[in-house]
Amino acid sequence: MPKRRLKYNNTRCTAAGHTFDSKKERDRYFELTALEKSNNISNLILQPSYPLTVNGTKVATYKADFEYLDLKTNLVVTEDVKSPITRKQPVYRLKNKMFAALYNRKIVET
């Protein structure tokens, strides 16, 4: 049976015991682990999940790629690795806006 082509022509890969949706995401993970080792960030979390609840009803769940504490600004950063194509997807844009409204912070797109 032939391998199924992924929706955005990304290449899933495994590194350091984690599976990443793309090489770009894997590379960003290695950048963030280097920043964590050099004490620029801390508390790196892979694929944190956030419920998007409105008026007591769970509408959706947003799963980010990374979350960490930026030690220079002392702010929690939620980061998503996006290509120009996936940034334009209506579902992602809606979840991005809901996340910002519910959690009072923006998603950093890399």
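Before any of the text, the structure's been laid out above.
Residues numbered from 1 in each chain as written. Predicted model: local features only at pLDDT ≥ 70, side-chain atom pairs only at ≥ 80, totals over all residues. Heavy atoms only, no water.

### What to know about the side chain of Asn-96
And then number 1: If you trace the backbone, Asn-96 turns up in helix H3 (residues 90-103).
And then number 2: Judged by relative accessible area, which is 17%, Asn-96 ranks as buried.
And then number 3: Discounting chain neighbours no more than four positions away, the residues touching Asn-96 are Ile-107 and Glu-109. (Helix = DSSP H or I, 4+ residues; strand = E, 2+ residues; numbered from the N terminus. Buried < 20%, exposed > 50% of the residue type's maximum accessible area, 1.4 Å probe, protein only. Contact = heavy atoms within 4.5 Å.)

### Considerations on the pattern of salt bridges
And then number 1: For the structure shown, the criterion picks out seven salt bridges.
And then number 2: One salt bridge in this structure joins Glu-31 and Arg-28, with 2.8 Å as the shortest N-O distance. In this pair, Glu-31 and Arg-28 are both assigned in helix H1 (residues 23-37), three residues apart and thus about one turn of the helix distant.
And then number 3: Classification of Glu-31 by relative accessible area gives partly exposed; the value is 43%.
And then number 4: Arg-87 is the salt-bridge partner of Glu-109, the closest N and O atoms lying 3.0 Å from each other. Taken together, the positions of Glu-109 in strand E8 (residues 107-109) and Arg-87 in helix H2 (residues 84-87) put the pair 22 residues apart, joining distant regions of the chain. (Salt bridge = Lys/Arg side-chain N within 4 Å of Asp/Glu carboxyl O.)

### Overview of a nonpolar patch on the surface
And then number 1: Where nonpolar side chains cluster on the molecular surface, the patch consists of Val-54, Val-59 and Leu-102 and spans about 230 Å² of accessible area.
And then number 2: Along the polypeptide, Leu-102 turns up in helix H3.
And then number 3: For Leu-102, a relative accessible area of 39% gives the class partly exposed. (Patch = residues over 30% accessible without salt bridge, like charges linked within 9 Å, V, L, I, M, F, W, Y side chains within 5 Å. Areas by Shrake-Rupley, 256 points an atom, 1.4 Å probe, with all protein chains shown as cover.)

### With respect to H3
And then number 1: Helix length check: H3 (14 residues) gives 20 Å between terminal C-alpha atoms against 20 Å at 1.5 Å per residue, within 8%.
And then number 2: For H3, the full list of buried residues reads Tyr-92, Asn-96, Met-98 and Phe-99.
And then number 3: Asn-104 sits one or two residues past H3 and shows a positive phi near 55°. (Expected span 1.5 Å × (residues − 1).)

### Observations regarding H1
And then number 1: Over its 15 residues, H1 runs 21 Å from end to end, which matches the ideal 21 Å to within 8%, given 1.5 Å per residue.
And then number 2: Taken together, the buried residues of H1 touch strand E2 (18-20), strand E3 (41-46), strand E6 (66-70) and strand E7 (75-80).
And then number 3: Phi for Asn-39, located one or two positions after H1, is positive at around 60°.

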